[in-house]
Every structure is written in C-alpha cells, then in structure tokens.
Amino acid sequence: MTARVGVVTFPGSLDDGDAARAVRIAGAEPVRLWHGDPDLHGVDAVVLPGGFSYGDYLRCGAIARFAPVMETLVDAARGGLPVLGICNGFQILCEAHLLPGALTRNQHLHFRNRDQALRVESAGTAWTNAFQPGQEILIPVKNGEGCYVADTATLDQLEAEGRVVARYVGGNPNGSLRDIAAITNSAGNVVGIMPHPEHAVEALTGPSLDGLGFFTSVLKHLVGTPA
Ligand SMILES: NC(=O)CC[C@H](N)C(=O)O
C-alpha cells in the first residue's frame, strides 16, 4: 500500500507545496494537513515545511508550536510517528520541545540563501537511512534564524548518542554551534534539518537530487515498521 505522508500548512508556510511534491516524487501519497485541524487523518509520517509560520512573530516557530495540529502531532511523535521538520519546521520542533536546543538569529544577522554542502553524520534515523554515514550532499539553505544553539551538556549528549544527523561543510552559513545542520530525537523518528531537501529532488530546479533520500528513507523505514 502507498504510504501517506502528511504535510502541514500553517499561515505563512512557504514550502508546503514543494514538500508535498517531494513526497510524491519519492513514491508516497502527500496528504495536506491544516494547522487548525488537530486530526492527522491517519497519515504514516508528517513533514513540517519551511516558511514563515504566523509571520515569524515573536520568534520563528514560537506561535506555530501552539497550533491545534501540534497537540496531536507532539503525542504522535512521542509514540514513534516519523516527523521531519525542515527549516521553519525544525524551528517549530525545537519550540515544541520534540528536539533540544533552539534556532537563533544567524550570527552575521543576514538572511542566507545559497546551495550548501552537508555531511550526513547519521544514517540511523527514519529520514536518513538511504544515505551512507559520511556522505556529502548539496542542498539549498535559506534562513534568517538558522543558528543552532544548545548548552554544552546537550551538545555533548547529542554527539555521544549519534544524534547529530548532518553538519555543514565548506563553510557554516549561520554560525550554528559545532556546524550542526540537523539533529534527531533519541528514538530517531523526529528529525529537524535547517537546509531544504525538498528543493533538491528534481534536475530542473535543484542543485542536485540529494534531497530525495530524506523522503525515500521514510518509506523504507515505514516498510520495516509494523502498523
Ligand atoms: N526557509 C525557512 O523556512 C525560513 C525559516 C524562518 N522564517 C527563518 O527565516 O529563519
């Protein structure tokens, strides 16, 4: 049966269409979810897309975290539902405390938009099992608040538990501590990534097809997970 992957739209989401398209290209059925509807409509996994939810007021992701859909999503994620937060989605996952730490204003205070090389550090998550550990990929980064910070004990714990999923290579675009571009929760089902895999799934528009691996990974993960 075709996996159904939900993509949440918040007011101000920007990349929900591209995320849904990436899901379809990877071979799954995208299911559009609405921030005001707490029902996840039986989806097998969820993508929180990039953008400017609620206009980035207060802090990126700080209001979205209280959306009705998040009440259900937080419980489902704690129960093992695969969730990928991309950029604004990563910010929302940190605000919702599904992931530790915070995304703060880029160190140089500029919005940064460019193609970015990353090293995939962990292939042991629901969203990265299609990669080889150490594999370098190229996908776009575009954010104003992408500087990942956490206290030293949290950073050390992430490193020790293999929960740093990807790091920036060839230059850190936002000042993230330890060049962190993506992290996971301890179960490996929730991943937050600052750059945008959904913008690197087609030769016409992406700098590569490297982003596709995140979306095919979750399908592989779901096949191995009993319903
Ligand atoms: N591309 C995005 O999702 C941007 C996220 C957020 N609005 C920021 O500027 O940091």
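Right above here is the structure, for reference.
Residues numbered from 1 in each chain as written. Predicted model: local features only at pLDDT ≥ 70, side-chain atom pairs only at ≥ 80, totals over all residues. Heavy atoms only, no water.

Peer 1: Kindly report on the overall build of the chain, identifying the contributing residues and their values.
Peer 2: Scanning the chain for helices and strands turns up five helices and eleven strands. The C-alpha radius of gyration of the chain comes to 16 Å, within 12% of the 17 Å expected for a compact globule of 227 residues. Projected onto its principal axes, the C-alpha coordinates of the chain cover approximately 45 × 35 × 35 Å. Residue burial in the chain is summarised as follows: out of 227 residues, 55% are buried. A separation of at least 24 residues holds for 72% of the contacts in the chain among residues at least 6 apart in sequence. By element, 53% of the accessible surface of the chain is carried by carbon and sulfur atoms, the whole surface being about 9,400 Å². (Helix = DSSP H or I, 4+ residues; strand = E, 2+ residues; numbered from the N terminus. Rg over C-alpha atoms; globule rule 2.2 N^0.38 Å. Buried < 20%, exposed > 50% of the residue type's maximum accessible area, 1.4 Å probe, protein only. Contact = heavy atoms within 4.5 Å. Areas by Shrake-Rupley, 256 points an atom, 1.4 Å probe, with all protein chains shown as cover.)

Peer 1: Requested: an account of the site of the ligand, with residues and values cited.
Peer 2: Around the ligand, a shell composed of 14 residues is seen, among which Gly 51, Asp 56, Cys 87, Lys 142 and Glu 145 lie nearest. Asp 56 is positioned such that a nitrogen or oxygen atom in its side chain is 2.6 Å from a nitrogen atom of the ligand. Within the backbone of Gly 144, one N or O atom sits 2.9 Å away from an oxygen atom of the ligand. Bound to the protein, the ligand loses 98% of the 290 Å² it would expose on its own. Mapped by element, the contributors of at least two residues to the shell around the ligand are helix H3 (88-95) and strand S7 (136-143). (Near = heavy atom within 4 Å. Polar contact = N/O pair within 3.5 Å; in protein donor to acceptor, adjacent residues only side chain to side chain.)

Peer 1: Break down the nonpolar core for me, citing the residues and quoting the values.
Peer 2: Counting 69 residues, the largest nonpolar core has Phe 10, Val 46, Leu 48, Met 70, Val 83, Tyr 148 and Phe 215 as the members making the most contacts within it. If near-sequence neighbours (up to four positions away) are discounted, Val 83 is found in contact with Val 46, Leu 48, Leu 73, Ala 77, Leu 93, Trp 127, Asn 189, Val 190 and Val 191. (Core = buried A, V, L, I, M, F, W, Y, C linked by side-chain atoms within 4.5 Å.)

Peer 1: Could you give an account of the packing of aromatic side chains, naming the residues involved and the relevant values?
Peer 2: In this description, an aromatic ring pair is defined by two values, namely the gap between the centres and the angle between the planes. The full count for this structure, using the stated rule, is four aromatic pairs. A centroid spacing of 6.0 Å and a plane angle of 15° characterise the contact between Phe 90 and Tyr 148, whose relative ring orientation is stacked. Separated by 58 residues along the polypeptide, Phe 90 in helix H3 and Tyr 148 in strand S8 (residues 147-149) bring together distant segments of the chain. Comparing Phe 90 with Tyr 148, the two get one shared label, buried. (Phe/Tyr/Trp six-rings, centres within 6.5 Å; stacked < 30°, edge-to-face > 60°.)

Peer 1: Pulling in residues and values, what's your account of empty space enclosed by the protein?
Peer 2: Counted under the stated rule, the structure contains one cavity of 30 Å³ or more. Sorting the residues of the lining of the largest cavity by element identifies H3 and strand S5 (102-104) as the ones contributing at least two each. Classifying every residue of the lining of the largest cavity by side-chain character gives four nonpolar, two polar and one charged. (1 Å grid on protein atoms, 1.4 Å probe; cavity = no way out; pocket = protein on both sides within 12 Å on 5 of 7 lines; lining within 4 Å. Points joined across faces, edges and corners; volume = space filled by probe spheres on them. Nonpolar A, V, L, I, M, F, W, Y, C, P; charged D, E, K, R; others polar.)

Peer 1: Please provide a residue-by-residue account of the environment of His 108, values included.
Peer 2: Within the secondary structure layout, His 108 lies in the loop between S5 and strand S6 (112-120). Its relative accessible area of 27% is what places His 108 among the partly exposed residues. Here the alpha-carbon distance between His 108 and Leu 73, two residues 35 residues apart in the chain, equals 33 Å. In this structure, His 108 is in contact with Pro 173 and Asn 174, ignoring residues within four places of it in sequence. One polar contact links His 108 to Arg 112, side chain to side chain, over a distance of 3.4 Å. Here the side chain of His 108 touches Pro 173 through a polar contact of 2.7 Å, landing on its backbone oxygen.

Peer 1: Now, about the sheet that holds strand S2 (residues 29-34): what can you tell me, with residues and values included?
Peer 2: The strand order across the open sheet built from nine strands is S2-S1-S3-S4-S11-S10-S9-S6-S7, with neighbouring strands paired in mixed fashion. Where the open sheet ends on each side, the last strands, each with one partner, are S2 and S7. Direction aside, the axes of adjacent strands within the sheet are offset by 25° on average. (Pairing = 2+ DSSP bridges. Axes fitted to C-alpha atoms, helices over the stretch in contact; angles between N-to-C directions.)

Take it as geometry only, folks, not as evidence of what the structure does.
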